[in-house]
Amino acid sequence: METCIYCGQRPGTTRDHVPPDCMFCHPIPRHINRITVPSCEECRRAGESDETLLRNIFVSTRESEQNPNAAKLAAKRDRSFERRFTEMEKVMRHMVLANVPTKDGKVTAWGFDMNTPVMDRFVLRVSRSLLHKETKCGYVDCEVSWALNPDEETQRELVAIAKRCYVSEEFAYCGLFAEGETNSGWLFALYGGSIIFLASLFERGNPPTA
């Protein structure tokens, strides 16, 4: 039996979906090749604690509002707010006042602070899952650094040389990686490219040099 790719200690007795089910419109078409990785029950449940919050944040951004699938999931977000006000409070705690660019300059408005521990956990979880999916590496003791919505030139340069994979309208990625190596680069997009993460995965304590 495979070992859990998240802790490396317990057997991977279950399969974890990446991204989680709640970020996809349902019913999920059968032809979509979902990404699954071996996980122990403890690590799978630990990841679940962030899933609804992440979905609610992602479908609430200004960019994702234009995506039809994100708009459908926004209805689920609203229902979660109606059932539990605490879900709305969690989202609101991730909002900050920021300068938002407009055609006439900048205005001060509320936006999401993505530089949070919950987002760090999400990017690490996705990145190590993609590495396992592509290389079957199993557990690796690693860290991740990441940036949100990199400039278009950076995106084009990476896409031109990386392996690309379109999973669905909700999730697509490309990656630079090598068999047996932890250090790797990942660009993954949610909701038709409304939200894009650029992530560098590396061995713990050994960040890649520029």
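Quick caveat, the model's predicted, so the values are computed rather than measured. (Residues numbered from 1 in each chain as written. Predicted model: local features only at pLDDT ≥ 70, side-chain atom pairs only at ≥ 80, totals over all residues. Heavy atoms only, no water.)

(A) Representation of the layout of surface pockets within the structure. Approximately 430 Å³ is the volume found for the largest pocket. Lining the largest pocket are 19 residues, and of these Arg-62, Glu-63, Trp-110, Gly-111 and Phe-112 sit closest to its centre. Taken together, the elements giving at least two residues each to the lining of the largest pocket come down to strand E3 (95-102) and strand E4 (105-112). Considering every element that reaches the lining of the largest pocket, the biggest residue donor is E3, with six residues. Considered class by class, the residues forming the lining of the largest pocket number eleven nonpolar, six polar and two charged. Looking at the second largest pocket, it is lined by 20 residues, and the ones nearest its centre are Ala-46, Gly-47, Asp-50, Arg-121 and Arg-125. Residue assignment for the lining of the second largest pocket shows that the elements contributing at least two residues are strand E1 (14-18), helix H1 (41-58) and helix H4 (117-135). Of the residues forming the lining of the second largest pocket, the biggest block, seven residues, is contributed by H1. Residue composition of the lining of the second largest pocket, by class: eleven nonpolar, three polar and six charged. (1 Å grid on protein atoms, 1.4 Å probe; cavity = no way out; pocket = protein on both sides within 12 Å on 5 of 7 lines; lining within 4 Å. Points joined across faces, edges and corners; volume = space filled by probe spheres on them. Helix = DSSP H or I, 4+ residues; strand = E, 2+ residues; numbered from the N terminus. Nonpolar A, V, L, I, M, F, W, Y, C, P; charged D, E, K, R; others polar.)

(B) Representation of the packing of H1 against H4 within the structure. Where H1 contacts H4, the two axes come as close as 10 Å, and the packing angle between them is 115 degrees. Comparing their axes, H4 and H1 come out roughly perpendicular. Handedness of the crossing formed by H1 with H4: left-handed. Contact with H1, carried on its side by Cys-43, Arg-44, Gly-47, Asp-50, Leu-53, Leu-54 and Phe-58, involves Val-118, Met-119, Arg-121, Phe-122 and Arg-125 of H4 and no other residues of that element. (Axes fitted to C-alpha atoms, helices over the stretch in contact; angles between N-to-C directions. Parallel < 35°, antiparallel > 145°, perpendicular 65-115°, else oblique. Left-handed = near helix turned anticlockwise from the far one by under 90°. Contact = heavy atoms within 4.5 Å.)

(C) Representation of the sheet that holds strand E5 (residues 142-148). Taken together, the five strands give an open sheet; going across it, the order is E5-E9-E8-E7-E6, and neighbouring strands pair in antiparallel fashion. Because the sheet does not close on itself, it has two edges, and the strands there are E5 and strand E6 (163-168). Strand-to-strand, the axes of this sheet are offset by a mean angle of 20 degrees, without reference to chain direction. Examined bridge by bridge, E6 and strand E7 (residues 171-176) share five bridges and lie antiparallel to one another. Across the sheet, Tyr-166 pairs through a bridge with Ala-172, a residue of E7. Those strands touched by H4 are E5, E6, E7, strand E8 (184-190) and strand E9 (195-203), and its axis lies near 115 degrees from that of E8. (Pairing = 2+ DSSP bridges.)

(D) How the structure looks around the packing of H1 against helix H3 (residues 85-92). Where H1 contacts H3, the two axes come as close as 10 Å, and the packing angle between them is 60 degrees. Handedness of the crossing formed by H1 with H3: right-handed. Within the contact between the two elements, H1 uses Thr-52, Leu-53, Asn-56 and Ile-57 and H3 uses Glu-87, Lys-90 and Val-91. Taken together, the residues of the contact of H1 with H3 sort by class into three nonpolar, two polar and two charged.

(E) Spotlight on the packing of aromatic side chains. Enumeration over the complete set of coordinates arrives at ten aromatic pairs. Ring centres of Phe-177 and Trp-186 lie 5.5 Å apart, and the angle between their planes is 10 degrees; on these two criteria the pair is classed as stacked. A relative accessible area of 0% means that Trp-186 is categorised as buried. By the ring-pair criterion, three or more aromatic residues cluster together here, those being Phe-58, Phe-122, Trp-146, Phe-171, Tyr-173, Phe-177, Trp-186, Phe-188 and Phe-197. When the ring centre of Phe-24 is taken as origin, the NZ or CZ atom of Arg-34, which lies over that ring, is 4.1 Å away. (Phe/Tyr/Trp six-rings, centres within 6.5 Å; stacked < 30°, edge-to-face > 60°. Buried < 20%, exposed > 50% of the residue type's maximum accessible area, 1.4 Å probe, protein only. Lys NZ or Arg CZ within 6 Å of the ring centre and 35° of its normal.)

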